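# Analysis of the macromolecular model
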Amino acid sequence: MQELLLILIVVLLIFGANKLPEIGGGLGRAIRNFRRASSEPDEIDITPGKDKKPTSGDDAPKA
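Keep in mind that what you see is a predicted model, and the values were worked out from it rather than measured.

## Details of the overall build of the protein chain
What the protein chain contains, in helices and strands, is two helices and zero strands. With 63 residues in all, the protein chain has 0% of them scored as buried. As displayed, the protein chain has an accessible area near 6,600 Å², and 62% of this comes from carbon and sulfur atoms.

If you want it as structure tokens, here you go:
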């Protein structure tokens, strides 16, 4: 517990009280992005599905 308190005091002295919320927010976003990236599948499936709509104008009904 004493080590953690010492680290927090050193961080407060180095960065100041105004920068701490920015640093905390950036650290939180970094951890969230890391968790999201680690839970995604390693491979991307690029096989075309049958439920996709045609993108060309040739298959569209004529009005």
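So that's the structure; there's more coming.
## A look at a nonpolar patch on the surface
Taken together, the side chains of Leu-6, Val-10, Leu-12, Ile-14, Phe-15, Leu-20 and Ile-23 present a nonpolar region at the surface, about 610 Å² in accessible area. Residue assignment for the nonpolar patch shows that the elements contributing at least two residues are helix H1 (2-15) and helix H2 (20-39). Among the elements that take part in the nonpolar patch, H1 stands out by supplying five residues, more than any other. Examined against the element boundaries, Ile-14 turns out to sit in helix H1.

## Regarding H1
The first and last C-alpha atoms of H1 sit 20 Å apart over 14 residues, in line with the 20 Å expected at 1.5 Å per residue. For H1, the buried fraction is low: zero of the 14 residues fall into the buried class. One or two residues past the end of H1 sits Gly-16, with phi positive at roughly 90°.

Reading the values: the criteria
Residues numbered from 1 in each chain as written. Predicted model: local features only at pLDDT ≥ 70, side-chain atom pairs only at ≥ 80, totals over all residues. Heavy atoms only, no water. Helix = DSSP H or I, 4+ residues; strand = E, 2+ residues; numbered from the N terminus. Buried < 20%, exposed > 50% of the residue type's maximum accessible area, 1.4 Å probe, protein only. Areas by Shrake-Rupley, 256 points an atom, 1.4 Å probe, with all protein chains shown as cover. Patch = residues over 30% accessible without salt bridge, like charges linked within 9 Å, V, L, I, M, F, W, Y side chains within 5 Å. Salt bridge = Lys/Arg side-chain N within 4 Å of Asp/Glu carboxyl O. Expected span 1.5 Å × (residues − 1).

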